[in-house]
Amino acid sequence: MTPRILIIAGSDSGGGAGIQADIKTVTMLGGHAMTAITAITAQNTLGVQAVMPVPTDMVLAQIESVLSDIGVDAVKIGMIGSAETANAVATVLEGLDVPIVFDPVMVATSGDALADADTIAAFERLMRIASMVTPNLPELAALGGEDAVLAHGGHLVAKGGHAEGHWIVDRLLSPNGEIARLEGKRFDTEDTHGTGCTLASALACGLGSGKPIKEAFEQAVRFVRIAILAAPGLGEGNGPIGHHLGYVPFDELEG
């Protein structure tokens, strides 16, 4: 059965991150992507020019519409829009018995803020219901570090892309210790817009399809790395990664 993945996140008009990256990732990994859009952004590879949160009632209406008809096998939470929405979403999701991947989006790749202090404070409730939290290193520090995140009872993926050095180390942790780590050579590129969204959605799709957590982690990291290599080179700033992995199905059919 096709895994049904509900994505609760913001829209990226440039198509590299947010809902757009999530849909591409879930589709490429064999899932059915459904969405509850929390915010509309005007952004491109150079930065975020404007943000408009979607009213909380509308976010909840999108979630209810999906759950009441199609159902869900896993949830991915990204940019949340507001503290009110964060708390309302947590209340709804508390009743679900499916994997929940929470990517605590605070800052875009360009450096623009995507969450205010009140929204970040409301992340506590989302971390309590999450099966897995996927912060980058600056976000992890803002959340209080590894022990603070793991104290909520879920798993942690500590992403190493923001660390210095020629190698990137991504780690999968449980409250009982490290489960796995993947080390990979750092690619010499600025086309990494959307990597965090992509990783979290890939994790949700893997878990929603029934993969063990370690296997879902390994698949997600591998997908992101291949997509970086397939980046199409668009825009003047931090370009999007290549979710299509360079694959065009009609080329194969016509070859």
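Residues numbered from 1 in each chain as written. Predicted model: local features only at pLDDT ≥ 70, side-chain atom pairs only at ≥ 80, totals over all residues. Heavy atoms only, no water.

## Some thoughts on the overall build of the protein
For step 1, the next point in the chain: Within the protein one finds 9 helices and 9 strands.
For step 2, the next point in the chain: For the protein, the C-alpha atoms occupy an extent of roughly 50 × 40 × 40 Å along the three principal directions.
For step 3, the next point in the chain: The buried share among the 255 residues of the protein stands at 49%.
For step 4, the next point in the chain: When the 14 positive and 30 negative side-chain charges of the protein are each reduced to one mean point, those points stand 7 Å apart. (Helix = DSSP H or I, 4+ residues; strand = E, 2+ residues; numbered from the N terminus. Buried < 20%, exposed > 50% of the residue type's maximum accessible area, 1.4 Å probe, protein only. Lys, Arg positive; Asp, Glu negative; His and termini not counted. Charge placed at Lys NZ, Arg CZ, Asp CG, Glu CD.)

## Describing the packing of helix 7 (residues 195-208) against helix 8 (residues 213-229)
For step 1, the next point in the chain: For the pair helix 7 and helix 8, interaxial distance at closest approach is 8 Å and the crossing angle is 145°. Taken as a pair, helix 7 and helix 8 cross one another with a handedness that is right-handed. Residues Thr-195, Thr-198, Leu-199, Ala-202, Leu-203, Gly-206 and Leu-207 of helix 7 lie in contact with helix 8, whose contacting residues are Ile-213, Ala-216, Phe-217, Gln-219, Ala-220, Val-221, Phe-223, Val-224 and Ile-228.
For step 2, the next point in the chain: Classifying every residue of the contact of helix 7 with helix 8 gives 12 nonpolar, 4 polar and no charged. (Axes fitted to C-alpha atoms, helices over the stretch in contact; angles between N-to-C directions. Left-handed = near helix turned anticlockwise from the far one by under 90°. Contact = heavy atoms within 4.5 Å. Nonpolar A, V, L, I, M, F, W, Y, C, P; charged D, E, K, R; others polar.)

## Considering the packing of helix 1 (residues 18-28) against helix 7
For step 1, the next point in the chain: Running from amino to carboxyl end, helix 1 crosses helix 7 at an angle of 40°, the nearest separation of the two axes being 8 Å. Judged by the angle between their axes, helix 1 and helix 7 are oblique. The handedness of the crossing between helix 1 and helix 7 comes out as right-handed. Side by side, helix 1 and helix 7 meet where Gly-18, Ala-21, Asp-22, Thr-25 and Val-26 of the first sit next to Cys-197, Thr-198, Ser-201, Ala-202 and Cys-205 of the second. (Parallel < 35°, antiparallel > 145°, perpendicular 65-115°, else oblique.)

## Topic: the nonpolar core
If you look at soluble globular proteins, the nonpolar side chains tend to sit buried side by side.
For step 1, the next point in the chain: Ile-8, Val-75 and Leu-126 are the most contacted members of the largest nonpolar core, which has 35 residues in total.
For step 2, the next point in the chain: Examining the composition of this core, we find that 5 residues originate from one element, helix 4 (residues 117-129), more than from any other.
For step 3, the next point in the chain: Apart from residues lying up to four places away in sequence, Ile-8 is in contact with Ala-36, Thr-38, Ile-63, Val-75, Lys-76, Ile-77, Gly-78, Met-79, Ile-80, Val-89 and Leu-93.
For step 4, the next point in the chain: Ranked by size, the runner-up nonpolar core spans 26 residues in total, among them Val-26, Val-157, Leu-207 and Ile-241. (Core = buried A, V, L, I, M, F, W, Y, C linked by side-chain atoms within 4.5 Å.)

## Remarks on the packing of aromatic side chains
For step 1, the next point in the chain: Scanning all chains against the criterion turns up 1 aromatic pair.
For step 2, the next point in the chain: Here the aromatic rings of Phe-102 and Phe-123 are separated by 5.1 Å at their centres, their planes lie at 85°, and the arrangement is edge-to-face. Placement of Phe-102 in strand 5 (residues 100-102) and of Phe-123 in helix 4 is noted, with a sequence separation of 21 residues between them. In terms of burial, Phe-102 and Phe-123 fall into one category: buried. (Phe/Tyr/Trp six-rings, centres within 6.5 Å; stacked < 30°, edge-to-face > 60°.)

## Re the environment of Lys-185
For step 1, the next point in the chain: Counting through the fold element by element, Lys-185 comes out in strand 9 (residues 177-185).
For step 2, the next point in the chain: Of the residues examined, Lys-185 reaches a relative accessible area of 55% and is grouped as exposed.
For step 3, the next point in the chain: Taking C-alpha positions, Lys-185 is 33 Å from Glu-124, a pair spaced 61 residues apart along the chain.
For step 4, the next point in the chain: Those residues in contact with Lys-185 that lie beyond four places of it in its chain are His-166, Trp-167 and Arg-225.

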